[in-house]
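Geometric and topological summary
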Amino acid sequence: MMPRLKQTVEHIGVPRLIIAGFLAIIFVIAYLTDMSVPQLITDSLVRVGMNGILVLAMVPTISCGVGLNFGLPVGVLSGLVGALISMERGLAGFPGLLAAIVFAVPIAVVVGYLYALLLESVKGQEMMVGTYVGFSTVAVMCIFWLMAPFKNPELIWAIGGKGLRFTLTLGNHFGKVLNNFAVFQLFGVKISGGLLGFFLLFCLLIYLFYRTKLGIAMVAAGANPVFARSAGIDVRQMKAVGVVLSTVLAAVGIIIYAQSYGFLQLYMAPLMMAFPAVAAILIGGASLQKATISNVIIGTILFQTLLTTALPVTSRVIQGDISEVARLIISNGMILYALTRPTGGK
Amino acid sequence: MERAQQVLEMKGITKQYFGNTVLNDVSIDLYPGEIHALVGENGAGKSTLMNILFGMPVIHSTGGFSGEILIDGKKVELLSPAEAMQMGIGMVHQEFMLLPGFTITENIKLNRETTRKNALSRLFKSEFLDYLDTPAMRKDARHALDRLDMSIDEWLPVAGLPVGYMQFVEIAREIDKKEVKILVFDEPTAVLTETEADRLLGSLRRLAADGISILFITHRLDEVMAVADRITVLRDGEAVARLNKDEAVVERIAELMVGRRIEKVDLPPRDKEPGDEDLAFTIDNLMVDMPGEMVRGLSLSVRRGEILGIGGLAGHGKLGIANGIMGLYPASGRVSKNGDLIPLNSPEQVLLEGLAFVSEDRRGVGLLLDEPIERNIGVTAMQVQHKFLRPWPRFLSGLRLEDRKELRAYSEEMIRKLDIRCLGPTQPVRSLSGGNQQKVCVAKALALDPEILFVSEPTRGIDVGAKRLVLDLLVRLNREHNVTILMTSSELGELRKICDRVAIVYRGRLAGILPPDASDAEFGLMMAGRVRKEAI
């Protein structure tokens, strides 16, 4: 009996058990204190769909051997530029959302390739260098936001006529278009088919990518570069593919995030964007060498549900807000835990 | 010849790693001022024996060893390198353990500095706060260097010194330790040029004359002959011979190192025996820059349909041949198949030409350890030859996905044909035994349908039963599928067992080609570079 129990625990992983247990306690408390459990689940699902693609962006860099993509802001910034171009044109609704993605992807490809070239020259230090690449591009882009030639009065400061605002409302553009698409109710839980469907569609696309010749070559290059070379695979090129793909996913991810949030946040907002995504995939059981789509889905659900439910429930029980503190402890603690273990978050 | 008390005796040393016996009842002893050479091929157990002598943690964490070690006639327990050092055992490493930014003196004296007391260190009663006595340290370093006949200045930084000098600094550090009476040299000449090596041998003699006993590990037999007083030959974890200097000849040692009684098996005959009139593959003036296994201008012709063995002592370049041709290490020269030149330095091109390779480094190069068996088998063929792919969705012919059904069927066939013992095609290869991993490597190469198969050290690190299976498999491939095989191996016995001809490589060049039934002495002679004989 005991060895089997131990095996099961090992299979699921201690961090996931602790978090799932904690979540269960929160839901029980919510139920006992007459809070609306369906409402909590509804909110959680929205958060899952909102963040999912950003978490998915971690998968290509892990499997191509670069590790966690701490340079996620690079892709996020490309996405923001794409969204801004779409808004500048005055596009709204689904066309606006699609246009944002269409504008963002080529930018992300170019920027991602440059980022990959940089990472190539710092082999073995990718994660640390990536962190600082993210930080410094965010800073450089602050200047860009001020100087950029956008003219739409909705986007720029009312006084002076130059420079983008800190936070842009998406209500008149593509705000919530996916959230409000194909919504249905199930046991009192409101489910946004558009938002979750979009996330699952991307999961499917990435899953299919990993079954192509290119995807398999990339996994081989990440798992054992010497093996890959002996099989005629260009390892450098595969790493570039992984980084570009991750950057593109980050760009799409932030557009989905923004449409769900209803606001586009510029300047320093993208600075810490990588950390919740990193934490989520690690909680999902990914290691620094291996990540799967199921790690993404499980991790996003556990992490985002925890963040969404902890605030209202804890504030009901204890006076005061500990959810922000809890978020920092859990996300950074999880990153620390995973980075200090040879097997990663497992 | 009975002399004074031995400084070191290791008696009946037996060591097992995970049930695998790597040393079996090995005894070795050492007299004061003697140079005792320990020779053997890679994997013969030399390093394990030295790890035991040094009390390395790896020995004790894997269950210790049996047998006893006596120093000056007294039984000792060496549980850590620090204890070994206290007992007067010094070690000169293969890789230099020096701090490049420090001077020669500082490196020699590291952590054994001569110090002077000062007010603070007296106050805190701590030697960590002492001043360094640099003049005294330099004097000691100078003395150690002089004993080695090194005129180099002791205040130079180590960074930027020629490699050979670094080796001497390393030795100087060991002999500067006053208590040192036994010095172990682990292949000290591996990275040295010939003149440097000669100087090193000179210093060995001088040190021995000073009364230091030396254990000299190497596989360069000329050096052994030049300096050793006695020679112990290790093979497969057993001490197969102990020779005195006067009774040792190079050929005899080479023979002992690699020789093994061969059970002659009758290989299945072919319809037509391969001959020189039909060549599958020619190598002309091949140079390969593979560290430790350099190939320096090797020429060789391979007959269609034969199994050609490539043998030679370690370090002479036999492993470099396949690695160079397959594009894993920089190579130059002319290599042609059926008369057409094959582009070098591009693994993909070479694979497309119908060559395949089973690497000697199974876990490092040959496998994706955490991926399932089927992916390991299929990935190279998929990348190079677009096998195991199918269009998806059906109407979009440009897009192709992995064809899991086909790959699964092929893997299952391979598992059955090669008798790979596993739980199924989805088991990760890490959890397979060495022999079964090797079979996966062979299956991976077969998926490419190769015309010519390079196999390096196919039986290294796998147990005896599996060795036979792997060799039988190679014979079957050769006879049934008409694959021309170039098999590189350190085990002369297995080369002679299944090969049609055995090419011997010496110093990166072809020394000659022998029939498998040539005598041990002929092989020994050729491996020691004593004859140069063109094709039989």
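Anything mentioned here points back to the structure above.
The structure reproduced in this document is the subject of the present report. These numbers were taken from a predicted model, which means no experiment stands behind them. (Residues numbered from 1 in each chain as written. Chains lettered and ligands numbered in written order. Predicted model: local features only at pLDDT ≥ 70, side-chain atom pairs only at ≥ 80, totals over all residues. Heavy atoms only, no water.)

1. Topic: the packing of aromatic side chains
How we decide: Pairs were defined over the aromatic rings of Phe, Tyr and Trp, the Trp ring being its six-membered one, requiring ring centres within 6.5 Å. Orientation was assigned from the angle between planes: stacked under 30 degrees, edge-to-face over 60, tilted for the rest. Counting from the N terminus, the helices are DSSP H or I runs at least four residues long and the strands are E runs at least two residues long. Each residue is placed in one exposure class: buried if its accessible area under a 1.4 Å probe, protein chains only, is under 20% of its type's maximum, exposed if it is over 50%, and partly exposed if it falls in between. Here, a charge over a ring means that NZ of Lys or CZ of Arg falls within 6 Å of the ring centre while also lying within 35 degrees of the ring normal.
One pass over the structure, following the stated rule, counts 12 aromatic pairs over all chains. Geometrically, the ring pair formed by Trp 157 of chain A and Phe 166 of chain A is edge-to-face, given 5.6 Å between the ring centres and 85° between the ring planes. Arranged with centres 4.7 Å apart and planes meeting at 65°, the rings of Phe 166 of chain A and Tyr 267 of chain A form a pair that is edge-to-face. With Phe 166 of chain A in the loop between helix H7 (126-147) and strand E1 (167-169) and Tyr 267 of chain A in the loop between strand E4 (263-265) and helix H12 (274-283), this pair connects stretches of sequence that are 101 residues apart. The partly exposed category is assigned to Phe 166 of chain A, whose relative accessible area is 49%. With a relative accessible area of 7%, Tyr 267 of chain A lands in the buried category. An aromatic cluster of three or more residues is present, and its members are Trp 157, Phe 166 and Tyr 267 of chain A. One cation-aromatic arrangement involves Arg 199 of chain B over Phe 168 of chain B; the distance from NZ or CZ to the ring centre is 5.8 Å.

2. Some details on the sheet that holds strand E6 (residues 89-92) of chain B
Residues and elements named next belong to chain B. For clarity, the cut-off: Whether two strands pair comes down to DSSP finding at least two bridges between them. Only the stretch in contact is used when a helix axis is fitted, and all axes are lines through C-alpha atoms; the angle between N-to-C directions ranges over 0 to 180 degrees. By definition, residues are in contact when any of their heavy atoms lie within 4.5 Å.
Spatially, 6 strands are ordered E6-E9-E10-E3-E11-E12 in an open sheet, and the strand pairing comes out mixed. One side of each edge strand has no neighbouring strand; the edge strands of this open sheet are E6 and strand E12 (238-244). Strand-to-strand twist of the sheet, defined as the mean angle between neighbouring strand axes without regard to direction, takes the value 20°. Here helix H1 (residues 46-53) sits on the sheet in contact with strand E3 (35-39), E6, strand E9 (182-186), strand E10 (213-218) and strand E11 (230-235), set at roughly 150° to E10.

3. What to know about the packing of helix H9 (residues 213-223) of chain A against helix H14 (residues 373-385) of chain B
This is how the line gets drawn: Working definition: roughly parallel below 35 degrees, roughly antiparallel above 145 degrees, roughly perpendicular at 65 to 115 degrees, and oblique for all remaining angles. Crossing handedness: left-handed means the near helix sits turned counterclockwise from the far one by under a right angle, and right-handed means the same turn made clockwise. Ten residues, namely Ala, Val, Leu, Ile, Met, Phe, Trp, Tyr, Cys and Pro, are considered nonpolar, four, namely Asp, Glu, Lys and Arg, are considered charged, and the remaining ones, Gly among them, are considered polar.
Running from N to C, H9 of chain A and H14 of chain B cross one another at 120°; their axes reach a closest spacing of 10 Å. As summarised for this structure, H9 of chain A and H14 of chain B are arranged oblique, according to the angle between their axes. Like other packed secondary-structure pairs, H9 of chain A and H14 of chain B cross with a definite hand, here left-handed. In contact with Lys 213, Ile 216, Ala 217, Val 219 and Ala 220 of chain A of H9 of chain A, H14 of chain B contributes Arg 375, Val 379, Met 382 and Gln 383 of chain B. Along the lines of polarity and charge, the residues of the contact of H9 of chain A with H14 of chain B split into 6 nonpolar, 1 polar and 2 charged.

4. Observations regarding the nonpolar core
Put simply, the test is: Buried Ala, Val, Leu, Ile, Met, Phe, Trp, Tyr and Cys residues form a nonpolar core when they are joined through side-chain atoms within 4.5 Å.
By size, the foremost hydrophobic cluster in this structure holds 221 residues, and its most contacted members are Ile 281 of chain A together with Phe 281 of chain B. Considering each element in turn, this core owes the most residues, 16 residues, to helix H11 (residues 235-261) of chain A. Setting aside anything within four residues of it in sequence, one finds Phe 281 of chain B in contact with Leu 300, Ser 301, Val 302, Ile 325, Val 335, Ser 336, Lys 337, Ile 342, Leu 355, Ile 452 and Phe 454 of chain B. Membership of the second largest hydrophobic core comes to 33 residues, among which are Ile 171, Ala 172, Ile 175 and Ala 197 of chain B.

5. Concerning a nonpolar patch on the surface
Residues and elements named next belong to chain A. Put simply, the rule is: Here, patches come from residues exposed beyond 30% relative accessible area and free of salt bridges, joined within 9 Å for like charges and within 5 Å for nonpolar side chains (Val, Leu, Ile, Met, Phe, Trp, Tyr). Accessible surface is estimated by sampling points in the Shrake-Rupley manner with a 1.4 Å probe; for residues, cover comes only from the protein chains shown. When a carboxyl oxygen of Asp or Glu is within 4 Å of a side-chain nitrogen of Lys or Arg, the pair counts as a salt bridge.
Residues Leu 5, Val 9, Ile 12, Val 14, Leu 17 and Ile 18 make up a contiguous nonpolar surface patch of about 470 Å² in total accessible area. For the nonpolar patch, the secondary-structure elements that each account for two or more residues are helix H1 (2-12) and helix H2 (14-32). Inspection of the secondary structure assignment puts Leu 5 in helix H1. What makes Leu 5 partly exposed here is its relative accessible area of 44%.

6. Regarding the pairing of E3 of chain B
Residues and elements named next belong to chain B. The element E3 is largely enclosed, with a buried count of 5 among its 5 residues. Residues Ile 35, Ala 37 and Val 39 line one face of E3 and the alternating positions His 36 and Leu 38 line the opposite face, and both faces are buried. Two strands pair when backbone bridges link them, and E3 and E11 are joined in this way by 4 bridges, in the parallel orientation. Pairing of His 36 across the sheet is with Arg 230, part of E11.

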